[in-house]
Amino acid sequence: MKTNASFTTNEDAITRCKDSSEHQQVLYKRTLIIIMIAQVFGGAGLAAGITVGALLAQDMLGTDSFSGVPVALFTLGSAGAALFVGRLSQRYGRRIGLSVGFLIGGIGAMGAVAAAVSNSIILLFISLLIYGAGTATNLQTRYAGTDLAKPSQRATAVSFAMVSTTFGAVAGPNLVDVMGRFAESIGIPPLGGPFILAFAAYTLAGIVIFILMRPDPYLVARALSAPQKTVDDGLATEVITSSERNKRGVFLGSTVMILTQIVMVAVMTMTPVHMGHHGHGLTAIGLIIGIHIGAMYLPSLVTGVLVDKIGRMPMVLASALTLLAAGILAAMAPTDSILILAIALALLGLGWNFGLISGTAILVDSTDPATRAKTQGTVDVFVALSGATGGVLSGVIVAFSSYPALSIGGGIVSLVLIPAMIWFLVASRQTGRNKGVS
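Given the structure is predicted, the values throughout are model-derived calculations rather than measurements.

Analysis parameters
- Residues numbered from 1 in each chain as written.
- Predicted model: local features only at pLDDT ≥ 70, side-chain atom pairs only at ≥ 80, totals over all residues.
- Heavy atoms only, no water.
- Helix = DSSP H or I, 4+ residues; strand = E, 2+ residues; numbered from the N terminus.
- Buried < 20%, exposed > 50% of the residue type's maximum accessible area, 1.4 Å probe, protein only.
- Areas by Shrake-Rupley, 256 points an atom, 1.4 Å probe, with all protein chains shown as cover.
- Polar contact = N/O pair within 3.5 Å; in protein donor to acceptor, adjacent residues only side chain to side chain.
- Phe/Tyr/Trp six-rings, centres within 6.5 Å; stacked < 30°, edge-to-face > 60°.
- pLDDT = per-residue confidence, 0-100.
- Contact = heavy atoms within 4.5 Å.
- Core = buried A, V, L, I, M, F, W, Y, C linked by side-chain atoms within 4.5 Å.
- Salt bridge = Lys/Arg side-chain N within 4 Å of Asp/Glu carboxyl O.
- Expected span 1.5 Å × (residues − 1).
- Lys, Arg positive; Asp, Glu negative; His and termini not counted.
- Axes fitted to C-alpha atoms, helices over the stretch in contact; angles between N-to-C directions.
- Parallel < 35°, antiparallel > 145°, perpendicular 65-115°, else oblique.
- Left-handed = near helix turned anticlockwise from the far one by under 90°.
- Nonpolar A, V, L, I, M, F, W, Y, C, P; charged D, E, K, R; others polar.
- Patch = residues over 30% accessible without salt bridge, like charges linked within 9 Å, V, L, I, M, F, W, Y side chains within 5 Å.

(A) Looking closely at the overall build of the protein chain. Secondary structure summary: the protein chain contains 17 helices and zero strands in total. Counting only residues that meet the buried cut, the protein chain has 51% of its 438 residues in that class. Of the roughly 18700 Å² of accessible surface on the protein chain, 69% is carried by carbon and sulfur atoms.

Right under this line is the structure:
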């Protein structure tokens, strides 16, 4: 059967997807391509601004005492925007929610440029808070690819979005010098240049989504899964059982993403400080962090396939064990060994990658399309805040103990994923047995 990839409206897409699953697959693949294009721009916007945010604040204040404030503002802005974008997507669809989120991030980036020109630290801090909307939207875009995906395609869909982000995230920092020279040529401080790039990138991402994401994948998926008006007594127990399992799935998926985020951010945040204390320069630090970021995103295509093929739970276990190995290796690495620390940080990024993709797949599996976007937005709020918590706690732990203690502690925390996974499996089996008895 041949399918026509041209859908005129949401209603047209809903009708045709109901008639044939092949139409749904055509729309799924088309949506995935749009997301990948948008994520390249989104990744560039994310990385370009974050690269120089702390430097711009330091330059304005004349001290590095507040260099951590930009990251905190990105995180707070990201948390608030995750909730906003999730609710907006819930009501109006991914097209509106994501495009508005990216455009708000672009406004924040342009505000940072204005702050650089006017040398206003207050305007910079406000702008960085708004700029965090782009970070949240960039992360939430991964969900859009799963809306029309089959259960066996969901993790792979997430992985495509993450790999696309990588291309932009790599390009953004490499354009810092170019954009700095461009900014200087038009009378703007060089550190404002990367925010010009962020403004353009986020705006383009928003425009791509707004113009091309028609029909809206979330609205179509929600209509396709709309429940029947009436449910007879024979189905009532099954619906309740499914609801109970879904709540457990949301809890497990959230726990996986939150714990892996805390561990990853905590160890990553203090690694440059640890290296600096032992005489390593910016080049070595940049190399280690670059390897870490590469390991966070580049394995995504393989990870997505593994999560879909061998299952969510084995990859949750892989995440916990990989993060534990990363913590042990980072703690044991000789202070003069770049190689061992690089391997440890690569494992840290890989463990986070396993956790984010498997946790996202579990969350999507466990949410009904009628409320999925709102739930995803709420979960991403906690993921963002957990990153901030990990960053803050890491400094306290190292100050009162040591970097090896932080690394080992992070590895141990990651093992909490194992009892959480066992609880989910046991409770699910128990529910299944109870259903059979009834």
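Still more ground to cover, so stick around.
(B) Representation of the side chain of serine 428 within the structure. Relative to the elements of secondary structure, serine 428 occurs in helix α17 (residues 417–437). Engagement of the side chain of serine 428 in a polar contact is seen with the backbone oxygen of phenylalanine 424, the distance being 2.8 Å.

(C) Region of interest: the packing of aromatic side chains. In total, this model carries five aromatic pairs according to the counting rule given. Taking 5.6 Å as the distance between ring centres and 75° as the angle between the ring planes, the aromatic pair formed by tyrosine 131 and phenylalanine 195 counts as edge-to-face. Of the two residues, tyrosine 131 is situated in helix α5 (residues 121–144) and phenylalanine 195 in helix α8 (residues 193–212); the sequence distance between them amounts to 64 residues. Neither tyrosine 131 nor phenylalanine 195 differs from the other in exposure class; each is buried.

(D) Layout of the confidence of the model for the protein chain. Looking at the protein chain as a whole, its pLDDT mean stands at 85, while 89% of the residues score no less than 70. Taken together, the stretch residues 228–241 has pLDDT below 50 and engages in six contacts with residues farther than four places along the chain or on a different chain.

(E) Region of interest: the nonpolar core. Core analysis: the biggest nonpolar cluster contains 40 residues, and Met162, Met257, Leu341, Leu345, Leu348, Trp352 and Tyr403 have the highest contact counts within it. Elements that contribute at least two residues to this core include exactly α6 (154–174), α10 (233–277), α11 (282–297), α13 (312–332), α14 (338–365), α15 (372–400) and α16 (403–414). By residue number, the principal contributor to this core is α14, which donates 12 residues. Those residues in contact with leucine 341 that lie beyond four places of it in its chain are Thr271, Met275, Ile288, Ala330, Ala333 and Tyr403.

(F) A look at the pattern of salt bridges. Evaluated as defined, the whole model comprises six salt bridges. A salt bridge links aspartate 365 to arginine 154; the shortest N-O distance between them is 2.6 Å. Within this pair, whereas aspartate 365 is found in helix α14, its partner arginine 154 is found in helix α6, the two being separated by 211 residues in sequence. Take aspartate 365: its relative accessible area is 31%, and that puts it in the partly exposed class. Here aspartate 308 makes a salt bridge to arginine 312, at a shortest N to O gap of 3.0 Å.

(G) Looking closely at unusual backbone geometry. Backbone torsion omega between arginine 214 and proline 215 reads -5°, so that peptide bond is classified as cis. Secondary-structure assignment places proline 215 in the loop between α8 and α9 (217–224).

(H) Looking closely at the environment of glycine 106. In this structure, glycine 106 sits in helix α4 (residues 94–118). Filtering out sequence-adjacent residues up to four positions away, glycine 106 remains in contact with Phe199, Tyr202 and Thr203.

(I) Local environment of α14. Taking 1.5 Å of rise per residue, 28 residues should cover 40 Å, and α14 covers 40 Å from first to last C-alpha, within 8% of that figure. Across the 28 residues that make up α14, a large majority, 20, are buried. The opening residue of α14 is serine 337, an N-cap whose side-chain oxygen sits 3.2 Å from the backbone nitrogen of isoleucine 340.

(J) Broad picture of the side chain of arginine 372. Structurally, arginine 372 is set in helix α15. Notably, arginine 372 is buried but unbridged: the nearest opposite-charge side chain belongs to aspartate 147, and the N-O separation is 4.7 Å.

(K) Seen up close, the packing of α5 against α15. At a minimum axis separation of 11 Å, α5 and α15 run at an interaxial angle of 140°. If you check the angle between α5 and α15, you find them oblique. Between α5 and α15 lies a crossing whose hand is right-handed. Packed against α5, whose contacting residues are Leu139, Gln140, Arg142 and Tyr143, the element α15 presents Gln376, Gly377 and Asp380 at the interface. The residue makeup of the contact of α5 with α15, split by class, is two nonpolar, three polar and two charged.

(L) Focus on a nonpolar patch on the surface. Taken together, the side chains of Leu76, Ile107, Ile122, Ile126, Leu129, Ile130 and Leu385 make up a nonpolar region of the molecular surface, amounting to roughly 610 Å² of accessible area. Considering each element in turn, the nonpolar patch owes the most residues, four residues, to α5. Here leucine 129 shows up in helix α5. Residue class for leucine 129 comes out partly exposed when judged on its relative accessible area of 37%.

(M) Spatial organisation of the packing of α13 against α14. Running from N to C, α13 and α14 point in directions that differ by 155°, and their axes come no closer than 8 Å. On the basis of the axis angle, α13 is roughly antiparallel to α14. As for the relative orientation of α13 and α14, their crossing is left-handed in sense.

(N) A look at the environment of valine 100. Summarising the element assignment, valine 100 is placed in helix α4. Exposure remark for valine 100: the relative accessible area of 27% places this residue in the partly exposed category. Between the alpha carbons of valine 100 and isoleucine 209 there is a distance of 9.5 Å; along the sequence they are 109 residues apart. Setting aside chain neighbours within four positions, we find valine 100 in contact with Phe84 and Leu88.

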